[in-house]
Amino acid sequence: MHESTAPPTALTIAGSDSGGSAGMHADLRTFFACGVHGMTAVTAVTVQNTVGVTGLVEIPPETVAAQIDAVASDIGVGAAKTGVLASAATIDAALDSCDRHGIGRGGRTPFVVDPVAASRSGEPLLRPDALDALRRRAFPRATLATPNLDEVRLLTGIDARTRGDLLDAAKAIHDFGPEWVLIKSGHLLDDPECVDLLFNGTESIELPGPRYATEHTHGAGDVFASAITAALAKGASVPDAVRGGKRFVTRSVADAYPLGSGVGPVSTFWRVSPRSY
Ligand SMILES: Nc1ncnc2c1ncn2[C@@H]1O[C@H](COP(=O)(O)OP(=O)(O)OP(=O)(O)O)[C@@H](O)[C@H]1O
Ligand SMILES: Cc1ncc(CO)c(N)n1
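Because the structure is a prediction, the values reported are computed rather than measured.

Draft legend 1. Molecular detail of helix H6 (residues 166-174). Among all positions of H6, only Leu-166, Ala-169, Ala-170, Ala-172 and Ile-173 are buried. What you see down the axis of H6 is that its buried residues fit within an arc of 165 degrees, all on one side. If you follow the buried residues of H6, they end up packed against strand E6 (144-145), helix H5 (149-156), strand E7 (180-183) and strand E8 (196-199).

Structure below.
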């Protein structure tokens, strides 16, 4: 039998999207495209298509923790990320398990906390009690937190409307304890570019990018966070991983495709077969 070494590994602690555009589906495709073996701790099953989310069933918190325990104790986790975390109980169970396996600050494994709060069409993906658990448990353990501007508003009350507001947003999230914060600018619709901001308390790095005139951006945030996680699993520094992730998500938005009757996904195929559809 042929034997070779295992590739880098990454874990997503996230929900499923039956439409295949966002959540753990987008994460696994991105891990694949980045040459990383992807693993999942499923937190919730959503009933979802390109129009919206019509249902969400939570996986029991102890089953979420058991999935993390199972893969971390056997396979090993090179880097981990979160998506939908559903509830305070799930956050507590997942973070207890991450603590047991050295995932996050203080441990060996980089941990990206994407505080997904709502779907692109506005349906909540997080119970209100989970906001405090994100602040209390998840952010202090995060190597990198990656909120969009709606999540910044929910978590801090800051209503960022221009590029000049992003540093204040980054500082407010940084106060919750993550090592680095990435503020995503996709929702600054009046800005002709998509310039995101990376901040670690002292250093701030602008990540320039074009803004494409497409409405098909479902899953953009998930793809960005997973491309970063894949690079961290390969040993990149946070600034290098985020610069690489920005290139990956920008190309994915450039190749976004229509699907169904609503909002289509960004394309994670561009590296494998660009514009082949
Ligand atoms: N129209 C666009 N053209 C180019 N880049 C974009 C566009 N929209 C978003 N991006 C980029 O995609 C990444 C994700 O940003 P965004 O702020 O949309 O995150 P999000 O709201 O979490 O995503 P999602 O659409 O999955 O909810 C960022 O790097 C952002 O700058
Ligand atoms: C399951 C899931 N995770 C994340 C998002 C946000 O992109 C979504 N719409 N659905």
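Draft legend 2. Quick peek at the site of ligand 1. Near ligand 1 you find 20 residues, and of these Asn-148, Lys-184, His-187, Asp-196 and Tyr-212 are the closest. One of the side-chain nitrogen or oxygen atoms of Asn-148 is found 2.9 Å away from an oxygen atom of ligand 1. One of the side-chain nitrogen or oxygen atoms of His-187 is found 2.6 Å away from an oxygen atom of ligand 1. Taken by itself ligand 1 offers 630 Å² of open surface, and the protein chains cover 93% of this. Looking at the shell around ligand 1, the elements with two or more residues in it are helix H7 (220-233) and helix H8 (238-254). By residue number, the principal contributor to the shell around ligand 1 is H7, which donates 4 residues.

Draft legend 3. Quick peek at the site of ligand 2. Around ligand 2 sit Gly-15, Ser-16, Ala-22, Gly-23, Thr-46, Gln-48, Val-84, Val-116, Ser-119, Leu-125, His-218 and Asp-222, and that is every residue in its neighbourhood. When the free accessible area of ligand 2 is taken as 290 Å², the share hidden by the protein chains comes to 92%. Those elements giving two or more residues to the shell around ligand 2 turn out to be strand E1 (9-17) and strand E2 (37-48). Grouping the constituent residues of the shell around ligand 2 by class yields 4 nonpolar, 7 polar and 1 charged.

Draft legend 4. Examining the UniProt feature "domain: Pyridoxamine kinase/Phosphomethylpyrimidine kinase" (unreviewed entry) in the protein chain more closely. Using the residue numbers shown here, the UniProt feature "domain: Pyridoxamine kinase/Phosphomethylpyrimidine kinase" (unreviewed entry) corresponds to residues 17-266. Annotated as 38% helix and 16% strand, the span residues 17-266 places its first and last C-alpha atoms 14 Å apart.

Draft legend 5. Seen up close, unusual backbone geometry. Even without being glycine, Ala-86 reaches a positive phi, approximately 70 degrees. Within the secondary structure layout, Ala-86 lies in the loop between strand E4 (79-82) and helix H3 (88-100).

Draft legend 6. Main features of the pattern of salt bridges. Scanning the entire structure with this criterion turns up 19 salt bridges. Across the pair Asp-92 and Arg-136 runs a salt bridge whose closest N-O atoms are separated by 3.6 Å. A residue pair is termed long-range when its members are at least 10 positions apart, and Asp-92 in helix H3 and Arg-136 in helix H4 (residues 129-138) qualify at 44 residues. A relative accessible area of 23% means that Asp-92 is categorised as partly exposed. Overall, Arg-136 belongs to the partly exposed group, its relative accessible area being 45%. Here Asp-191 and Arg-163 are joined by a salt bridge, their closest N and O atoms 2.8 Å apart. With a gap of 28 residues between them, Asp-191 in the loop between E7 and E8 and Arg-163 in the loop between H5 and H6 connect regions that are remote in the sequence. Given a relative accessible area of 32%, Arg-163 falls into the partly exposed group. Here the salt bridges share partners, and the residues they tie into one network are Asp-92, Asp-96, Asp-99, Asp-132, Arg-135, Arg-136, Arg-137 and Arg-141.

Draft legend 7. Main features of the sheet that holds E8. Read from one edge to the other, the open sheet built from 9 strands follows the order E3-E2-E1-E4-E5-E6-E7-E8-E9, with strand pairing classed as mixed. Each edge of the sheet is formed by a strand with only one pairing partner; in this case those strands are strand E3 (53-58) and strand E9 (204-207). For E7 and E8, the ladder comprises 3 bridges, and the chain directions are antiparallel. Residue pairing across strands places Val-181 opposite Phe-199, the latter belonging to E8. In this fold helix H1 (residues 23-33) packs onto E1, E2 and E4, with an angle of close to 150 degrees to the strand it touches most, E1. Here H7 sits on the sheet and contacts E1, E4, strand E5 (111-113), E6, E7 and E8; the angle it forms with E4, its principal contact strand, is near 165 degrees.

Rules used throughout
Residues numbered from 1 in each chain as written. Chains lettered and ligands numbered in written order. Predicted model: local features only at pLDDT ≥ 70, side-chain atom pairs only at ≥ 80, totals over all residues. Heavy atoms only, no water. Buried < 20%, exposed > 50% of the residue type's maximum accessible area, 1.4 Å probe, protein only. Helix = DSSP H or I, 4+ residues; strand = E, 2+ residues; numbered from the N terminus. Arc of directions from axis to C-beta. Contact = heavy atoms within 4.5 Å. Near = heavy atom within 4 Å. Polar contact = N/O pair within 3.5 Å; in protein donor to acceptor, adjacent residues only side chain to side chain. Areas by Shrake-Rupley, 256 points an atom, 1.4 Å probe, with all protein chains shown as cover. Nonpolar A, V, L, I, M, F, W, Y, C, P; charged D, E, K, R; others polar. UniProt positions renumbered as here; feature names shortened; annotations may be inferred. Salt bridge = Lys/Arg side-chain N within 4 Å of Asp/Glu carboxyl O. Pairing = 2+ DSSP bridges. Axes fitted to C-alpha atoms, helices over the stretch in contact; angles between N-to-C directions.

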